[in-house]
Amino acid sequence: MRKRIAAFSAALCLLLTGCSNIVLERSYSNVSPHSATYWENEGTDTLRADSYQDLVNAMLLLLDEHADSGAVRVYGDDTDAETMMQSACSEVQQETALGAYLLDYITYAGSQERGYYELSVHFGYRRTQAEHEDIINASSTEALPELLHLAVERGASALTVRIGYFATDRSGVEQMVREVQSDCSQTDKPWQVFFYPDTEEAGIVEILLAE
C-alpha cells in the first residue's frame, strides 16, 4: 500500500513541476516516527500525558493512526483529569482538521490509579481508513486547481486536501473550484466544497465532484 501511495505522490510532483512554491505528497507516503515523549515506556501501547496539551497530542497520535481505541495515562492533579478529558475530546473533534473530518464521536472511561489517571479512549469514525489515506497534503491552496484537474482526469468523485497555508480565504477557494469546474466539467451541478473544521481556520478541504 505504501509503495502505491509513494508512486502516486511521485506522479503528482511530476505533473505539478513548474508550479512555484508548491510541494505535494500523498498522506502517509512518508511516515515519521512519533515522538517518544508521549509513550509511557518503550514497547508499550500506552500514551503518557503530563499536561492538557500532551493529552490533546496523544489523542491526535491515535487519530493519525486511525486507531479504534487507545490508553492514555494522565499525570498531575487527579481532580483535573476528567475536566481535561472533556475539553480535549471537544477540541480534537471540533477544532482540529483531522478530527472534524474523520470523527463522529469520542468516548472514554477512566480509573484512578496510584500516581496517575488511566484513560481508555474510543473513536467512532465517519470515514474509512481508505478515505483517511486518500487525503492529499499540499503546502498551499495554490495547489488546488492542479489537483482538481488531476482528479477529473482520473475520474475521481472527490478530492480531499490537507492544506498547510491558506493563500486565500474560503470564498477564494470556492472561486478556484468554480473556475476549474467551468474549465473541465460538462455538468451544471456545482461541485460541493466542505471545510474542516467549519471555520475560517480550516485545515482540510473536501471537494465532491458532481457527475
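Above this text you will find the structure in question.
All values reported here derive from a predicted model rather than from experimental measurement. (Residues numbered from 1 in each chain as written. Predicted model: local features only at pLDDT ≥ 70, side-chain atom pairs only at ≥ 80, totals over all residues. Heavy atoms only, no water.)

**Q** I'd like to hear about the nonpolar core, residue by residue, with values.
**A** Among the nonpolar cores identified, the biggest contains 33 residues, and Leu55, Met59, Val72, Val74, Ile106 and Phe123 are the most heavily contacted of them. If you list the elements that add at least two residues to this core, you get β2 (46-49), α2 (52-64), β3 (69-74), α3 (81-95), α4 (97-102), β4 (103-113) and β5 (116-125). Element by element, the count of residues in this core is highest for α2, at seven residues. Beyond its immediate sequence surroundings of up to four residues, Leu55 is in contact with Ala49, Val72, Val74, Met84, Met85, Ala88 and Leu119. Counting residues in each nonpolar core, the second largest holds 22 residues, with Ala138, Leu159, Val173 and Val205 among its members. (Core = buried A, V, L, I, M, F, W, Y, C linked by side-chain atoms within 4.5 Å. Buried < 20%, exposed > 50% of the residue type's maximum accessible area, 1.4 Å probe, protein only. Helix = DSSP H or I, 4+ residues; strand = E, 2+ residues; numbered from the N terminus. Contact = heavy atoms within 4.5 Å.)

**Q** So, the packing of aromatic side chains: which residues are in play, and what are the values?
**A** Evaluation of the coordinates by the stated rule reveals three aromatic pairs. Each ring, one from Tyr75 and one from Tyr116, has its centre 5.5 Å from the other, and the planes form 45°; the classification is tilted. You can see Tyr75 sitting in the loop between β3 and α3 and its partner Tyr116 sitting in strand β5, a full 41 residues away along the chain. Of the two residues, Tyr75 and Tyr116, neither departs from the other in class, the shared state being buried. Each ring, one from Tyr101 and one from Tyr196, has its centre 5.2 Å from the other, and the planes form 80°; the classification is edge-to-face. Of this pair, Tyr101 sits in helix α4 while Tyr196 sits in strand β8 (residues 192-196), and the two are 95 residues apart along the sequence. Of the two residues examined, Tyr101 and Tyr196, each falls in the buried class. The ring of Tyr75 is capped by Arg48, whose NZ or CZ atom sits 4.0 Å from the centre of that ring. (Phe/Tyr/Trp six-rings, centres within 6.5 Å; stacked < 30°, edge-to-face > 60°. Lys NZ or Arg CZ within 6 Å of the ring centre and 35° of its normal.)

Any link to function would need more than the numbers given here.
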